[in-house]
Amino acid sequence: MAVFVALGAFLMTLAGGWTAQRVTDRRHLVLGLAGGLMLGVVGLDLLPEALRAADREVFGVPAALLLFVAGFLLAHLVERTLAARQTAHGGAEGHRHRTPEVGLTAAGAMVGHSAMDGVAIGAAFQVGGGMATAVVLAVIAHDFADGFNTFTVTSLYGNARRRAVGMLLADACAPVLGALSTAVFRIPEPVLGGYLGLFAGVLLYLAAAEILPEAHHEHPARSTLLCTVAGAAFIWLVVGITG
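**Some words on the overall build of the protein**
Next, step 1: Looking only at helices and strands, the protein features eight helices and two strands.
Next, step 2: Secondary structure elements of the protein, listed N to C terminal, follow the sequence α-α-β-β-α-α-α-α-α-α.
Next, step 3: When burial is assessed residue by residue, the protein has 44% of its 243 residues classed as buried.
Next, step 4: A separation of at least 24 residues holds for 83% of the contacts in the protein among residues at least 6 apart in sequence.
Next, step 5: When the accessible surface of the protein is summed, it comes to about 11600 Å², and 71% of that surface belongs to carbon and sulfur atoms.

Written as structure tokens, this is what we have:
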């Protein structure tokens, strides 16, 4: 049953990526919406779940928050390292410079997150009862945003459409594979919480340092800001309905 539900996540992910492709003539609105979706996922979904699952502290600070900061710094380090390497090989350094490897790395992290969504579906069905319903609704609802963000962030960093579609397909398949894996093993909850904290830091960096500045660079319009607010509000609605 969990695998059939994961197929719903598969379709929602593809729908999100398809939507991102179809509105390329309004790229600033797409990026504004993607930034809002990512901000909402980080603050309203990933971090609360990470704090709940990884409840231990390290020197007075929740471990999930330490990994959140580590994820933010890791994303910054990776981007700066790749940008410096490309500059050393003749690339032009600048605020708007984009390295395709960063986009692929970010999309790869989203694929990993989608696989964990599938694991969550399988684990919820093992628990049974209302837990399965809540988790399934939450995962399927926000997989639209995952597909949207995966295609957007891959394309933003200069990757060809073929690569962006490939990462979208990988992101769509990941929940199904994750659900299948629960027939073999289960990830300890503290480990899952730590992973969510780390991934939240990576997403926040991409949203705040890359996607939102790019959205307002050429079109600092009020409509772009409204799309960002709408993206965050959508995630709030999803969390409220499925929580």
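**Quick look at a nonpolar patch on the surface**
Next, step 1: On the surface, a cluster of nonpolar side chains totalling about 530 Å² of accessible area is made up of Leu51, Val58, Phe59, Val61, Leu65 and Leu66.
Next, step 2: Positionally, phenylalanine 59 belongs in the loop between strand 1 (57–58) and strand 2 (61–62).
Next, step 3: Judged by relative accessible area, which is 86%, phenylalanine 59 ranks as exposed.

**Quick look at empty space enclosed by the protein**
Next, step 1: On inspection of all chains with the given rule, the structure shows one cavity of 30 Å³ or more.
Next, step 2: In this structure, the largest cavity is lined by Val41, Met110, His113, Ser114, Asp146, Asn149, Phe199 and Leu203.
Next, step 3: Mapped onto the lining of the largest cavity, the elements with two or more residues apiece are helix 4 (100–127), helix 5 (130–156) and helix 7 (189–218).
Next, step 4: Among the elements that make up the lining of the largest cavity, the one with the highest residue count is helix 4 (three residues).
Next, step 5: Among the residues making up the lining of the largest cavity, the classes are represented as four nonpolar, three polar and one charged.

**Let's talk about helix 2 (residues 27–53)**
Working note: α-helix, 3.6 residues per turn, so residues spaced by three or four point in the same direction.
Next, step 1: Along its 27 residues, helix 2 runs 37 Å from first to last C-alpha, staying within 8% of the 39 Å computed at 1.5 Å per residue.
Next, step 2: At valine 42, helix 2 shows its largest bend, some 35°.

**Focus: the packing of aromatic side chains**
Next, step 1: Under the definition given, this model contains two aromatic pairs.
Next, step 2: Both rings, one in phenylalanine 72 and one in tyrosine 205, keep their centres 5.2 Å apart while their planes meet at 85°; by these two values the pair is edge-to-face. Highlighted residues: phenylalanine 72 in helix 3 (residues 63–88) and tyrosine 205 in helix 7, separated in sequence by 133 residues.
Next, step 3: Taking the relative accessible area as the measure of exposure, phenylalanine 72 reaches 29% and is therefore partly exposed.

**Describing the nonpolar core**
Next, step 1: Among the nonpolar cores identified, the biggest contains 41 residues, and Met38, Val42, Leu46, Val153, Leu203, Leu206 and Ile211 are the most heavily contacted of them.
Next, step 2: Top contributing element to this core by residue count: helix 7, with 11 residues.
Next, step 3: Non-local contacts of isoleucine 211, meaning those with residues more than four positions away in its chain, are made with Leu31, Ala34, Gly35, Met38, Val153, Leu156 and Leu206.
Next, step 4: Core analysis: the second largest hydrophobic core is formed by five residues, Val5, Ala6, Ile121 and Val176 among them.

**A closer look at the confidence of the model for the protein**
Next, step 1: Put simply, the protein has an average pLDDT of 80, and 81% of its residues get 70 or more.
Next, step 2: Element-level pLDDT for the protein is lowest in helix 5, with a mean of 72, against a maximum mean of 93 in strand 2.
Next, step 3: Note on residues 92–96: pLDDT under 50 across the span, and eight contacts to partners over four residues away in sequence or across chains.

**Side note on the environment of leucine 31**
Next, step 1: Locating leucine 31 in the fold gives a position in helix 2.
Next, step 2: Assessed through its relative accessible area of 3%, leucine 31 is described here as buried.
Next, step 3: Along the primary structure leucine 31 and histidine 216 are separated by 185 residues, whereas in three dimensions their C-alpha atoms are 8.8 Å apart.
Next, step 4: Beyond its immediate sequence surroundings of up to four residues, leucine 31 is in contact with Thr152, Leu156, Ile211, Leu212, Glu214 and Ala215.

**Brief notes about helix 6 (residues 161–181)**
Next, step 1: Between the first and last C-alpha of helix 6 there are 30 Å, a value that for 21 residues agrees with the 30 Å anticipated at 1.5 Å per step.
Next, step 2: Where helix 6 bends most, the angle comes to about 30°, and this point is alanine 174, followed within four residues by the proline proline 175.
Next, step 3: Taken residue by residue, helix 6 has Ala164, Met167, Leu168, Asp171, Ala172, Ala174, Pro175, Val176, Gly178, Ala179 and Ser181 as its buried positions.

**Quick notes on the environment of leucine 44**
Next, step 1: In this structure, leucine 44 sits in helix 2.
Next, step 2: Distance in space between the C-alpha atoms of leucine 44 and isoleucine 235 is 7.3 Å, their sequence separation being 191 residues.
Next, step 3: The contact partners of leucine 44, leaving out residues within four places of it in the chain, are Ala232, Ile235, Trp236 and Val239.

Analysis parameters
Residues numbered from 1 in each chain as written. Predicted model: local features only at pLDDT ≥ 70, side-chain atom pairs only at ≥ 80, totals over all residues. Heavy atoms only, no water. Helix = DSSP H or I, 4+ residues; strand = E, 2+ residues; numbered from the N terminus. Buried < 20%, exposed > 50% of the residue type's maximum accessible area, 1.4 Å probe, protein only. Contact = heavy atoms within 4.5 Å. Areas by Shrake-Rupley, 256 points an atom, 1.4 Å probe, with all protein chains shown as cover. Patch = residues over 30% accessible without salt bridge, like charges linked within 9 Å, V, L, I, M, F, W, Y side chains within 5 Å. Salt bridge = Lys/Arg side-chain N within 4 Å of Asp/Glu carboxyl O. 1 Å grid on protein atoms, 1.4 Å probe; cavity = no way out; pocket = protein on both sides within 12 Å on 5 of 7 lines; lining within 4 Å. Points joined across faces, edges and corners; volume = space filled by probe spheres on them. Nonpolar A, V, L, I, M, F, W, Y, C, P; charged D, E, K, R; others polar. Expected span 1.5 Å × (residues − 1). Bend = angle between axes of the 7 residues up to and from the residue. Phe/Tyr/Trp six-rings, centres within 6.5 Å; stacked < 30°, edge-to-face > 60°. Core = buried A, V, L, I, M, F, W, Y, C linked by side-chain atoms within 4.5 Å. pLDDT = per-residue confidence, 0-100.

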